[in-house]
Amino acid sequence: MPGPLDGVRVLDLTTMVSGPVATMMLADQGADVIKIESPAGDVMRQFGLAHRGMSASFLSCNRSKRSLCVDLKTEDGLAIVRRLAATADVLVQNFRPGAIERMGLGEEVVRELRPDIIFVSISGFGETGPYAHQRVYDPVIQALCGLCDIQADNETGRPHMVRTIVPDKTTSVTAAQAITAALFARERTGKGQHIRLAMLDTMVAYLWPEACSPLTFLDNEQDPAGQQAGPDLIFATADGYITAGAVTDAEWAGMCRAFGREELIEDPRFGTAAARVHNRAERRTIMNREIAKWPTAEILARLDRETVPAAPVLTRVDVIGDAQVIENAILEVRDDAELGPVRQPRPAARFTETPAEIRSMAPRLGADNAAILGELGYDEAEVARLAGTGVVHRREREAG
């Protein structure tokens with residue numbers, strides 16, 4: 001069945017993660033996403049576990065797409081992409097500011113070819129300012145947006161990074177939402193527009209609601225580090241680890257009953273949410289001590305009976321076999337003719353009428369050259385000439 005974005009064509013000139021994951025989401029939702037790569041290919045093709053010439057990292061950022069490998073430094077190559085742009089609804093690029101214009105594919109050029117196109121520019125910092133010229137990877141944004149400060153060690157104060165690329169993937173989700181909003185606006189107005197999205201902007205907004213909220217009122221600012229009331233995190237049990245949290249008074253009372261420590265319910269140090277925040281060090285010490293007395297399965301069952309939010313801490317391997325993950329059918333296994341069985345998470349959003357789905361594995365570099373050029377009106381002789389001169393390129397297998 002067609003997805004909600006069936007009939008939308010997206011030119012994907014992005015690399016690494018932030019852009020490719022955004023366009024992958026659109027592809028899963030039915031858009032015809034054409035990934036345009038140089039003969040060197042997206043560097044993500046070289047990262048992560050390789051299997052039969054395909055990188056797991058690249059596959060997980062680029063499934064459901066088609067691949068056009070073209071040398072944009074040649075006149076013929078640039079002409080191909082310009083002709084393709086005239087057929088596109090969306091163009092997404094994440095080069096450093098100014099690069100797309102130097103390539104000959106800036107907004108003014110593209111909009112002459114397709115006046116109502118949605119032109120999307122993803123960057124680290126935006127197009128102006130003291131950092132705009134810098135190369136950007138996820139850790140740079142983590143450092144600048146305050147995320148490392150949030151993760152700081154409670155005892156030493158040393159900042160820490162989150163060990164997954166939160167800014168990259170948060171930017172991906174923000175970009176995908178913005179693109180669909182712009183497409184919706186175009187349906188109403190007939191006008192395209194330019195979406196500019198910086199990773200730094202995305203993450204400051206992402207962190208603001210709870211991590212930076214003490215900075216909201218200028219007449220009553222407070223240091224967020226002193227006000228941070230993050231959820232209870234990891235606790236050791238007698239045979240493993242769990243997470244458990246008591247935010248409301250009812251949840252705290254339930255936790256105390258689960259521990260067999262009912263006297264703590266009336267303890268003035270913990271009688272209100274504000275008191276529990278103020279005395280969080282003492283509360284956490286008690287929780288650590290009490291939870292450590294119980295085997296994981298038993299304390300989780302007791303907390304569940306008292307309707308206290310809690311869960312075991314799973315390894316990434318354990319996640320695959322978790323009962324709720326299986327019930328939700330979050331992970332799918334596809335038998336691919338080249339790669340064999342491949343496990344991927346299905347698109348998270350479920351549509352009742354226009355389902356999103358994994359439509360194909362990630363393409364080999366240039367795998368769809370002939371088909372895409374044919375759609376643009378190139379005949380077989382022209383396609384052969386372009387391939388023979390290296391303007392378009394196809395690589396059957398990547399390294400590894």
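Colleague: In this structure, what is going on with the overall build of the chain? I would like to understand it.
Modeller: The secondary structure content of the chain amounts to 18 helices and 13 strands. In terms of its C-alpha atoms, the chain occupies a principal-axis envelope of roughly 85 × 55 × 40 Å. Taking all 400 residues of the chain together, 42% fall into the buried category. Restricting the contact set of the chain to residue pairs at least 6 apart, pairs at least 24 apart contribute 69%. Total accessible area on the chain stands at roughly 21100 Å², and carbon and sulfur atoms take up 55% of it. Positive and negative side-chain charges of the chain, numbering 44 and 56 respectively, have mean locations separated by a distance of 3 Å.

Colleague: I keep staring at the sheet that holds strand β1 (residues 9–13) and nothing clicks. Help me out?
Modeller: Strands sit in the order β5-β2-β1-β6-β7-β8 across an open sheet of 6 strands; the sheet is parallel. In this open sheet, the two edge strands, each paired with only one partner strand, are β5 (66–69) and β8 (194–198). Taking the axes of each pair of neighbouring strands and ignoring which way they run, one obtains an average angle of 20° across the sheet. In terms of strand pairing, strand β6 (residues 90–93) meets strand β7 (residues 118–123) through 4 bridges, oriented parallel. Bridging across to β7, Gln 93 finds its partner in Ser 121. Packing of helix α9 (residues 199–211) onto the sheet brings it into contact with β7 and β8, and relative to β8 it is tilted by some 70°.

Colleague: Any chance you could explain the sheet that holds strand β9 (residues 234–236) here in plain terms?
Modeller: The strands that make up a sheet pair up through hydrogen bonds in the backbone, lying either parallel or antiparallel. One open sheet accounts for 3 strands, arranged β9-β10-β11; its pairing is antiparallel. Every interior strand has two partners, whereas the edge strands, β9 and β11 (310–312), have only one. Mean inter-strand twist for the sheet, computed between neighbouring axes without regard to direction, equals 30°. One ladder, built from 3 bridges, connects strand β10 (residues 241–244) with β11; its direction is antiparallel. When the sheet's bridge partners are listed, Thr 243 is paired in β11 with Ala 311.

Colleague: How should I be thinking about the packing of aromatic side chains in this particular structure?
Modeller: Each pair of aromatic rings is reported with the distance of its centres and the angle of its planes. Counted according to the given criterion, the structure contains 2 aromatic pairs. For the ring pair Trp 252 and Phe 270, a centre distance of 5.4 Å and an interplane angle of 55° mean the geometry is tilted. Taken together, the residues Trp 252 in helix α11 (residues 249–259) and Phe 270 in the loop between α11 and α12 (273–278) connect sequence positions 18 residues apart. Here the two residues Trp 252 and Phe 270 agree in accessibility, since each one is buried.

Colleague: Honestly, α11 in this entry has me stumped. Any pointers?
Modeller: Note: α-helices contain 3.6 residues per turn, so residues at a spacing of three or four share the same orientation. Of all 11 residues making up α11, 8 are buried, and the element is well covered by its neighbours. Every buried residue of α11 is accounted for by Glu 251, Trp 252, Ala 253, Gly 254, Met 255, Cys 256, Ala 258 and Phe 259. Tucked inside the fold, the buried residues of α11 contact β10, α12, α13 (280–291) and α14 (296–305). In the segment just after α11, Gly 260 is the residue with positive phi, at about 75°.

Colleague: Just to check I follow, could you spell out the pattern of salt bridges for this structure?
Modeller: Side-chain pairing between opposite charges can occur once the charged atoms of the two side chains come close. Enumeration over the complete set of coordinates arrives at 25 salt bridges. Here Arg 359 makes a salt bridge to Glu 357, at a shortest N to O gap of 3.3 Å. The class for Glu 357 is partly exposed, based on a relative accessible area of 33%.

Colleague: Help me understand the side chain of Asp 368, please; the structure alone is not making it clear to me.
Modeller: Here Asp 368 is to be found in the loop between β13 (340–345) and α17 (369–375). Buried charge Asp 368 goes without a salt bridge, the closest partner of opposite sign being Arg 66 at 5.4 Å. Within polar-contact distance, the side chain of Asp 368 engages the backbone nitrogen of Ser 67 at 2.8 Å. Every residue in contact with Asp 368, bar those within four places of it in the chain, is listed here: Arg 66, Ser 67 and Pro 363.

Colleague: What exactly am I supposed to notice about the side chain of Arg 114 here?
Modeller: Relative to the helices and strands, Arg 114 is located in the loop between α5 (107–113) and β7. By relative accessible area, Arg 114 is classed as buried at 17%. A polar side-chain atom of Arg 114 sits 3.3 Å from a polar atom in the side chain of Asp 89. Leaving out residues up to four positions away in the same chain, Arg 114 has contacts with Ala 85, Ala 86, Thr 87, Ala 88, Asp 89 and Arg 186.

Colleague: Explanation requested: the environment of Val 173 in the structure shown.
Modeller: Structurally, Val 173 is set in helix α8 (residues 166–189). Exposure remark for Val 173: the relative accessible area of 46% places this residue in the partly exposed category. Separated by 125 residues in the primary sequence, Val 173 and Gly 48 place their C-alpha atoms 22 Å from one another.

Colleague: What is the right way to look at the pairing of β5 in this model?
Modeller: The two faces of the sheet receive side chains in turn, since in a regular strand these alternate between them. Alternating positions in β5 separate into two faces, Arg 66 and Leu 68 on one and Ser 67 and Cys 69 on the other, with burial throughout. Both strand β2 (residues 32–37) and β5 contribute to a ladder of 4 bridges, which runs parallel. Within the sheet, the bridge partner assigned to Glu 37 lies in β5 and is Cys 69.

Colleague: How should I be thinking about the nonpolar core in this particular structure?
Modeller: Among soluble globular proteins, nonpolar side chains are generally buried collectively. One finds Leu 11, Ile 36, Val 70 and Ile 80 to be the most contacted residues of the largest nonpolar core, which totals 27 residues. Every element with two or more residues in this core is listed here: β1, β2, α3 (75–85), α17 and α18 (380–388). Counting 20 residues, the second largest nonpolar core, distinct from the first, contains Val 90, Val 120, Ala 176 and Ile 195.

Colleague: Any chance you could explain a nonpolar patch on the surface here in plain terms?
Modeller: Taken together, the side chains of Leu 233, Ile 234, Tyr 241 and Val 313 make up a nonpolar region of the molecular surface, amounting to roughly 380 Å² of accessible area. Inspection of the secondary structure puts Ile 234 in strand β9. Note on Ile 234: relative accessible area 43%, which makes it partly exposed.

Conventions we followed
Residue numbering note: each chain is counted from 1, following its sequence as written. In keeping with the model being predicted, local features are shown solely for residues with a pLDDT of at least 70 and side-chain atom pairs are shown and tallied solely at 80 or more, while totals for entire chains, interfaces and linings include all residues. Side-chain calculation: all heavy atoms of the structure are included, whereas hydrogens and water are not. Strands here are runs of E lasting at least two residues and helices are runs of H or I lasting at least four, both read from the DSSP assignment and numbered beginning at the N terminus. For each residue, the accessible area found with a 1.4 Å probe, counting protein chains only, is set against the maximum for its type, and the residue is called buried under 20%, exposed over 50%, and partly exposed in between. Any pair of residues with heavy atoms lying within 4.5 Å of one another is described as a contacting pair. For every accessible area listed, the method is Shrake-Rupley and the probe measures 1.4 Å; residues are considered covered only by the protein chains on display. His is not counted, nor are the chain ends, whereas Lys and Arg count as positive and Asp and Glu as negative. Positions of charges follow a simple convention, taking NZ of Lys, CZ of Arg, CG of Asp or CD of Glu. Paired strands are those between which DSSP finds at least two bridges. Helix axes are fitted to C-alpha atoms over the stretch in contact, other axes to C-alpha atoms as well, and angles between N-to-C directions run from 0 to 180 degrees. Ring geometry is summarised as follows: Phe, Tyr and Trp rings, the Trp one being its six-membered ring, pair when their centres sit within 6.5 Å, and such pairs are stacked at plane angles under 30 degrees, edge-to-face over 60 and tilted between the two. Salt bridges are identified by distance alone: a Lys or Arg side-chain nitrogen within 4 Å of an Asp or Glu carboxyl oxygen. Side-chain atoms alone can form a polar contact between residues adjacent in sequence; in general such a contact is a pair of N or O atoms within 3.5 Å, and within protein one must be able to donate a hydrogen while the other accepts it. Here, nonpolar core means buried Ala, Val, Leu, Ile, Met, Phe, Trp, Tyr and Cys residues that are tied together by side-chain atoms lying within 4.5 Å of each other. Exposure above 30% relative accessible area and no salt bridge define the residues that can form patches, which grow by joining like charges within 9 Å and nonpolar side chains of Val, Leu, Ile, Met, Phe, Trp and Tyr within 5 Å.

Spatial relationships are all this shows, so hold off on functional conclusions.
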